[in-house]
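Read off the chains here:
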Amino acid sequence: MELISLINAGIIAVSIQGSVMLWHKQGHKGICLYLLLIAIAALFNIIEGIYFISDTFLITPVFQLLFGPALFLACVGLIHKKTSKIDALHFFPAIISIPFTNYVQIIIALGTISRIGYSVLTALKLYSYKKSLDLERSDSDEYSFQWMIAIIAITAVFNLLDLIRLNFQPYIAGELNLIGQAFNNGLWLVAIIFITYKLNEQKSSPSIKDEAIERSSFKEDSGHFLPIYSALDNQVKEEQLYKVSRLTLNQLSELTGLQPRDISRAINLNANKSFNEYINDLRVDYVCNILRSGAQKSITDLAFEAGFSSKAVFNRAFKQVTGMTPSRFKNQQ
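This report concerns the structure included in the present document. (Residues numbered from 1 in each chain as written. Predicted model: local features only at pLDDT ≥ 70, side-chain atom pairs only at ≥ 80, totals over all residues. Heavy atoms only, no water.)

1. Some points on helix α13 (residues 311-322)
(1) Moving on: Its twelve residues place the ends of α13 16 Å apart at the C-alpha level, agreeing with the 16 Å of an ideal helix rising 1.5 Å per residue.
(2) Moving on: Those residues of α13 lying buried are Val-313, Phe-314, Ala-317 and Phe-318. Seen from one end, α13 has its buried residues packed into an arc of 130°, which puts them on one side.
(3) Moving on: For α13, the elements touching its buried residues are α11 (275-292), α12 (299-306) and α14 (326-332).
(4) Moving on: For α13, the N-terminal cap is Ser-310; the gap from its side-chain oxygen to the backbone nitrogen of Ala-312 is 3.3 Å.
(5) Moving on: Backbone geometry just after α13 places Gly-323 at a positive phi near 80°. (Helix = DSSP H or I, 4+ residues; strand = E, 2+ residues; numbered from the N terminus. Expected span 1.5 Å × (residues − 1). Buried < 20%, exposed > 50% of the residue type's maximum accessible area, 1.4 Å probe, protein only. Arc of directions from axis to C-beta. Contact = heavy atoms within 4.5 Å. Polar contact = N/O pair within 3.5 Å; in protein donor to acceptor, adjacent residues only side chain to side chain.)

Here is the structure:
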C-alpha cells in the first residue's frame, strides 16, 4: 500500500505539472482538465487506502465512468480547439452513479464498458483527423496525434486487464490485487509524463473543415479527372513544386491555378493516394534519384532539400515507399 500511495503521489505531481505546462496552449484545456481528473482520482486512492474507507463510502469507482468521456472530449478539444455545452452530457452516467457507490462491483463493471467504448471512439476520432489532414497537408504527420492512438491502445489493453482485476477482486488474493494496482498506476505515471512531453513539443494542430473534401465525391469516374491529374502531375514534377516545405492543398492550388477540390479528387481517383502520400512519394523519388546518381550529399540534407520538414517524417515516408531505411538504400547504390 505504501508503494501504491507513493506512485499515486507521483501521478498527482506530474498531472498537475503537465496541466500547468499545457494550459496556455490553444485547445489544450481539455487535456489539462483530464490530467487534473487523474490527479484527483489518485488523491482519493491515497485517502481511501490510508483510512481503509468502507465500500459504502468509496468514491473512486465513479472515476471509471469519468475517464472515458474526459479523454474523448480532451481529444475533441485538441482537434477542434473547442467543445460544446451539450458535450457535458457525456458525464451524465457518472453523475447519476454517485448515490450508488455502495454497489462497487456494478459501477466498476459499467466503468469497464465505458472506458473500452470511449477508447475505441477516441482512437477513431484521432484516426479520422489524421485522414482529413492527409487530404490537405504534406506535413500531416507532424500535426496528427497518431502517437496518442498508440498510447490509447497500450493503456486500453492494460486497463482492460486491470478492470478485470477490479471486477473480480473479491475472488483474487490480496497481494495479487496490490501488485496489479501498483503496475497499472505505474503505467499511468509513465503515460502522463509521455503525453505531457509530446503535447508540449508538438505544434498546435491546424484547424480543418469538417469533411472538407466530400468523401462521396471519390466515387466519381476517375476518367473525368484524368486530364486534370495529368496536367497537375506534369506541372508538379517539372517545376518541382513538391519541394515546397510544408506544402498544403491550398498552396498547391495557388501555384497551379486549379481548385483545391479538383486537385484532391484528381489525386485520389487517379493516383489512388491522399494529397499527403502523393507529395511525399514524389519527395522520396527525388531523394532516391539523387542517391542513385552517386551525389555526395548527406541524407538529412537531401530530405530537407526535397521538401521534408522533419527527419522522422522523411524516414517513415522513405521506408513506406522503398521498404528500407534511407541509409540501407544509400549503401546499396
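Following the structure, the description resumes.
2. A closer look at the nonpolar core
One recurring pattern in soluble globular proteins is that nonpolar side chains are buried together.
(1) Moving on: Ile-31, Tyr-34, Leu-126, Phe-145, Met-148 and Leu-199 are the most contacted members of the largest nonpolar core, which totals 46 residues.
(2) Moving on: Listed by contribution, the elements that provide at least two residues to this core are α1 (2-22), α2 (29-51), α3 (60-80), α5 (104-134), α6 (146-167) and α7 (174-201).
(3) Moving on: One finds Leu-247, Leu-269, Tyr-286 and Ala-303 within the second-largest nonpolar core, a separate group that totals 35 residues. (Core = buried A, V, L, I, M, F, W, Y, C linked by side-chain atoms within 4.5 Å.)

3. Thoughts on the pattern of salt bridges
(1) Moving on: What the rule picks out here adds up to nine salt bridges.
(2) Moving on: For the salt bridge of Asp-134 with Lys-130, the shortest nitrogen-to-oxygen distance reads 2.8 Å. Remark: Lys-130 and Asp-134 occur in helix α5; sequence separation between them is four residues, near one turn of the helix.
(3) Moving on: Judged by relative accessible area, Asp-134 falls into the buried class, the value being 6%.
(4) Moving on: The exposure class assigned to Lys-130 is buried, which follows from its relative accessible area of 9%.
(5) Moving on: Of the charged contacts in the structure, one is a salt bridge between Arg-316 and Asp-141, with a shortest N-O distance of 3.1 Å. Highlighted residues: Arg-316 in helix α13 and Asp-141 in the loop between α5 and α6, separated in sequence by 175 residues.
(6) Moving on: Residue classification places Asp-141 among the partly exposed positions, given a relative accessible area of 25%.
(7) Moving on: Each of Lys-130, Asp-134, Asp-141 and Arg-316 takes part in one network of salt bridges that share partners. (Salt bridge = Lys/Arg side-chain N within 4 Å of Asp/Glu carboxyl O.)

4. Description of unusual backbone geometry
Most of the time, phi is negative for any residue but glycine, and the peptide bond is trans.
(1) Moving on: Backbone geometry at Lys-81 places phi at a positive 70°, although glycine is not the residue there.
(2) Moving on: Positionally, Lys-81 belongs in the loop between α3 and α4 (92-97).
(3) Moving on: One non-glycine residue, Gln-240, adopts positive backbone phi at about 50°.
(4) Moving on: The partly exposed category is assigned to Gln-240, whose relative accessible area is 30%.

5. Describing the packing of α11 against α13
(1) Moving on: Orientation of α11 relative to α13, taken along the N-to-C sense of each, is 85°, at an axis distance of 9 Å. Judged by the angle between their axes, α11 and α13 are roughly perpendicular. Side by side, α11 and α13 meet where Asn-280, Asp-281, Val-284, Asp-285, Val-287 and Cys-288 of the first sit next to Phe-314, Ala-317, Phe-318, Val-321 and Thr-322 of the second.
(2) Moving on: Tallied by class, the residues present in the contact of α11 with α13 amount to seven nonpolar, two polar and two charged. (Axes fitted to C-alpha atoms, helices over the stretch in contact; angles between N-to-C directions. Parallel < 35°, antiparallel > 145°, perpendicular 65-115°, else oblique. Nonpolar A, V, L, I, M, F, W, Y, C, P; charged D, E, K, R; others polar.)

6. Some thoughts on the packing of aromatic side chains
(1) Moving on: Under the counting rule described, the total for this entry stands at twelve aromatic pairs.
(2) Moving on: Look at Phe-318 and Phe-329: their rings are 5.5 Å apart centre to centre, the planes differ by 80°, and that puts the pair in the edge-to-face class. Within this pair, whereas Phe-318 is found in helix α13, its partner Phe-329 is found in helix α14, the two being separated by eleven residues in sequence.
(3) Moving on: Residue Phe-329 is classed as buried on the basis of its relative accessible area of 7%.
(4) Moving on: Within the aromatic cluster, the residues linked to one another by ring pairs are Tyr-129, Phe-145, Trp-147 and Phe-194.
(5) Moving on: The ring centre of Phe-308 lies 5.5 Å from the NZ or CZ of Arg-283, which sits over that ring. (Phe/Tyr/Trp six-rings, centres within 6.5 Å; stacked < 30°, edge-to-face > 60°. Lys NZ or Arg CZ within 6 Å of the ring centre and 35° of its normal.)

7. Looking at a nonpolar patch on the surface
(1) Moving on: Side chains of Ile-116, Val-120, Leu-124, Val-157, Leu-160, Leu-161, Ile-164, Phe-168 and Tyr-171 sit close together on the surface and give an oily, nonpolar patch of about 890 Å² of accessible area.
(2) Moving on: Those elements that place two or more of their residues in the nonpolar patch are α5 and α6.
(3) Moving on: Residue contributions to the nonpolar patch peak at four residues, all from α6. (Patch = residues over 30% accessible without salt bridge, like charges linked within 9 Å, V, L, I, M, F, W, Y side chains within 5 Å. Areas by Shrake-Rupley, 256 points an atom, 1.4 Å probe, with all protein chains shown as cover.)

8. A short note on the side chain of Asn-8
(1) Moving on: On the secondary structure map, Asn-8 appears in helix α1.
(2) Moving on: Using a relative accessible area of 2% as the deciding quantity, one classes Asn-8 as buried.
(3) Moving on: Asn-8 has contacts with Ala-42, Asn-45, Ile-46 and Asn-185, leaving out every residue within four places of it along the chain.

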